[in-house]
Amino acid sequence: IMLLGKQLNRLDKNYRNAQTLISGCESLAWLIAQKNNHNIFHFQADSDAKIIRGLLVIVLAAFNDKTAAQSYFKSLGLIQHLSPSRGSGILAIVEKITGITQEY
């Protein structure tokens, strides 16, 4: 998972702020979103922790460049393979993403 984190492009420091901060994650993690005219979302995220960066790669793969209905995150079953604290952090990330998709 930590090797996956190397694939994640670092988020510009200007986007690391209170609005993009993911609350509920033990590590610092940030998320920004864009939606195009076809209701396709694109997310960018970053974290100060290598393992969270790797988990972000997995989570973003399930949500990026899809409509809200096309996400397949739940079918991954990822949470059951993580420690409770990591699982809580991933759930916080997913809740932030789904909250954004519902706002649009």
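As a reminder, the structure under discussion sits directly above these lines.
Residues numbered from 1 in each chain as written. Predicted model: local features only at pLDDT ≥ 70, side-chain atom pairs only at ≥ 80, totals over all residues. Heavy atoms only, no water.

**Some words on the packing of aromatic side chains**
Moving on, step 1. Counting across every chain of the model gives 2 aromatic pairs.
Moving on, step 2. Ring geometry for Phe41 and Phe43: centres 5.8 Å apart, planes at 10 degrees, overall stacked. You'll find Phe41 and Phe43 in the same group, each marked buried.
Moving on, step 3. With a centroid separation of 6.0 Å and 25 degrees between ring planes, the pair formed by Phe63 and Phe73 is classed as stacked. One end of the pair, Phe63, is in helix H2 (residues 50-63); the other, Phe73, is in helix H3 (residues 73-76), with 10 residues separating them in the sequence. Of the two residues, Phe63 and Phe73, both sit in the buried class. (Phe/Tyr/Trp six-rings, centres within 6.5 Å; stacked < 30°, edge-to-face > 60°. Buried < 20%, exposed > 50% of the residue type's maximum accessible area, 1.4 Å probe, protein only. Helix = DSSP H or I, 4+ residues; strand = E, 2+ residues; numbered from the N terminus.)

**A short note on helix H4 (residues 84-103)**
Owing to its 3.6 residues per turn, the α-helix brings residues three or four apart onto one side.
Moving on, step 1. Relative to the 28 Å expected for 20 residues at 1.5 Å per residue, H4 spans 28 Å between its end C-alpha atoms, a close match to the ideal helical length.
Moving on, step 2. Looking only at H4, the buried set comprises Gly87, Gly89, Ile90, Ala92, Ile93, Val94, Ile97, Ile100 and Thr101.
Moving on, step 3. In this structure, the buried side of H4 is in contact with strand S1 (29-35), strand S2 (41-47), H2 and H3. (Expected span 1.5 Å × (residues − 1). Contact = heavy atoms within 4.5 Å.)

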